[in-house]
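Next come the chains, spelled out residue by residue.
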Amino acid sequence: MKSHFTFSKEQRNGIFLLILLIIILQGVYFFVVPLTAGNDVKELSVNREELKKFQKEIDSLKQVELEARQPKIYPFNPNYITDYKGASLGMSNEEIDRLHAFRKQDKWVNSTEEFQQVTKISDSLLNAISPYFKFPDWVTNPKPKANVMVYNNTPKTFAQKQDLNTATAKQLQKVNGVGAYYSERIVKFRNTFSGGFIADVQLQDVYGLTPEVIEKITEQFTVKTPRTVKKININEAAIEDLVTIQHIDYDLAHDIVEQRQLRDGYKSLDELKKVNGFPVNKFEIIKLYLSIE
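Let me sum up the structure you'll find in this document. Values in this document were obtained by computation on a predicted structure and should not be read as measured data.

Calculation notes
Residues numbered from 1 in each chain as written. Predicted model: local features only at pLDDT ≥ 70, side-chain atom pairs only at ≥ 80, totals over all residues. Heavy atoms only, no water. Salt bridge = Lys/Arg side-chain N within 4 Å of Asp/Glu carboxyl O. Buried < 20%, exposed > 50% of the residue type's maximum accessible area, 1.4 Å probe, protein only. Helix = DSSP H or I, 4+ residues; strand = E, 2+ residues; numbered from the N terminus. Expected span 1.5 Å × (residues − 1). Contact = heavy atoms within 4.5 Å. Polar contact = N/O pair within 3.5 Å; in protein donor to acceptor, adjacent residues only side chain to side chain. Phe/Tyr/Trp six-rings, centres within 6.5 Å; stacked < 30°, edge-to-face > 60°. Lys NZ or Arg CZ within 6 Å of the ring centre and 35° of its normal. Axes fitted to C-alpha atoms, helices over the stretch in contact; angles between N-to-C directions. Parallel < 35°, antiparallel > 145°, perpendicular 65-115°, else oblique. Nonpolar A, V, L, I, M, F, W, Y, C, P; charged D, E, K, R; others polar.

1. Examining the pattern of salt bridges
Pairs can form between side chains of opposite charge whenever their charged atoms are close. Enumeration according to the criterion identifies three salt bridges in this entry. The shortest N-O distance in the salt bridge between R263 and E271 comes to 3.7 Å. The shortest N-O distance in the salt bridge between K287 and E284 comes to 3.2 Å. For K287, a relative accessible area of 30% corresponds to the partly exposed category.

2. Looking at helix α12 (residues 250-263)
In this model, α12 (14 residues) spans 20 Å end to end at C-alpha, consistent with the 20 Å of a helix rising 1.5 Å per residue. Summarising the contacts, the buried residues of α12 are in contact with α11 (239-242). The residue sitting at the N-terminus of α12 and contributing the capping side-chain oxygen is D249; that oxygen lies 3.4 Å from the backbone nitrogen of D251. Looking at the residues trailing α12, positive phi occurs at D264, about 60 degrees.

3. Things to note about the packing of aromatic side chains
Summed over the entire model, instances satisfying the criterion amount to eight aromatic pairs. Taking the centre distance of 5.9 Å and the plane angle of 75 degrees together, the rings of Y80 and W108 count as edge-to-face. Within this pair, whereas Y80 is found in the loop between α2 (48-69) and α3 (83-89), its partner W108 is found in the loop between α4 (93-104) and α5 (112-119), the two being separated by 28 residues in sequence. The class of Y80 is exposed, set by a relative accessible area of 51%. Look at W108 and you get partly exposed, because its relative accessible area is 32%. Here the aromatic residues F76, F115, F133 and F135 are joined through ring pairs into a cluster of three or more. The aromatic ring of F76 is capped on one face by K85, whose charged end is 4.5 Å from the ring centroid.

4. Here we look at the packing of α4 against α5
Interhelical geometry of α4 versus α5 gives an angle of 110 degrees and a closest axis separation of 8 Å. Overall, the two elements α4 and α5 adopt an arrangement that is roughly perpendicular. Mapping the contact onto sequence places E95, R98, L99 and F102 in α4 and E114, F115, V118 and T119 in α5. Its residues assigned to classes, the contact of α4 with α5 comprises four nonpolar, one polar and three charged.

5. Here's the deal with the side chain of D205
With respect to the element layout, D205 can be found in the loop between α9 (179-191) and α10 (211-220). Side chain to side chain, D205 and H247 meet in a polar contact 2.9 Å long. Not counting residues within four places of it along the chain, the set of residues in contact with D205 comprises F189, Q246, H247, K282 and I285.

6. Some thoughts on unusual backbone geometry
Positive phi values are uncommon outside glycine, yet D106 reaches one of about 60 degrees. The topology assignment puts D106 in the loop between α4 and α5. Note on D106: relative accessible area 57%, which makes it exposed. Positive phi outside glycine occurs at K120, with the angle close to 65 degrees. Examined against the element boundaries, K120 turns out to sit in the loop between α5 and α6 (123-129).

Set out below in structure tokens:
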């Protein structure tokens, strides 16, 4: 039967001192100190039952100490297994690397079965560590979705769509995949701009929204009342002007101006993609603030 005792470092040291003392006393009692009478040495009778009792106590103390030394495993989210954690659980480097590569794609393991599919660990190891897996409540106890929009196959026209700049969080929640959390995040992000969004593409800057969810949103909503922006001429802008644009920091602004001088001016905004370090995936958002003349 597994012991549930736990000992501090000082208690374990005391146990081992006790074990050592018992062993020494046994040696003295049974082997070192004979009964003597004058010069005659009398044979010492050994109580075998007592010896077995002492040995059983020693074995029990040793077992308690061995169990106390075993590393404790506490419930954990398998999505956040580090190299050290994985190795301590018995995972190989290849299995850990597969998990990390999966997570780098901004994907999540949401079940024990999916964890094995991603890492390809053995059934025996999965059975040993999966009882300690702890997934978020929204995974283990998902709430039923209500008021989800039902779409037909006919795309909505611009006129049929709702204005993304005036949509409420409750209206956005009707889009499958948005929910209360992301609808509030969309509205909060929109309100950081005085006047709201310039274009639908700015939804890409709402943290956590996947391309699939953004596509579903823009099937029902679009920017109908865009915020007015005074565009900056890329061929005249100073570094101080460029750094006011989203996703352009000082180093990138410096490189943009330097490339402009080498090229004797930009012929099109697409040439910005060739600037060293330019965030190509944010080009559609950056060009909202720029002009070529």
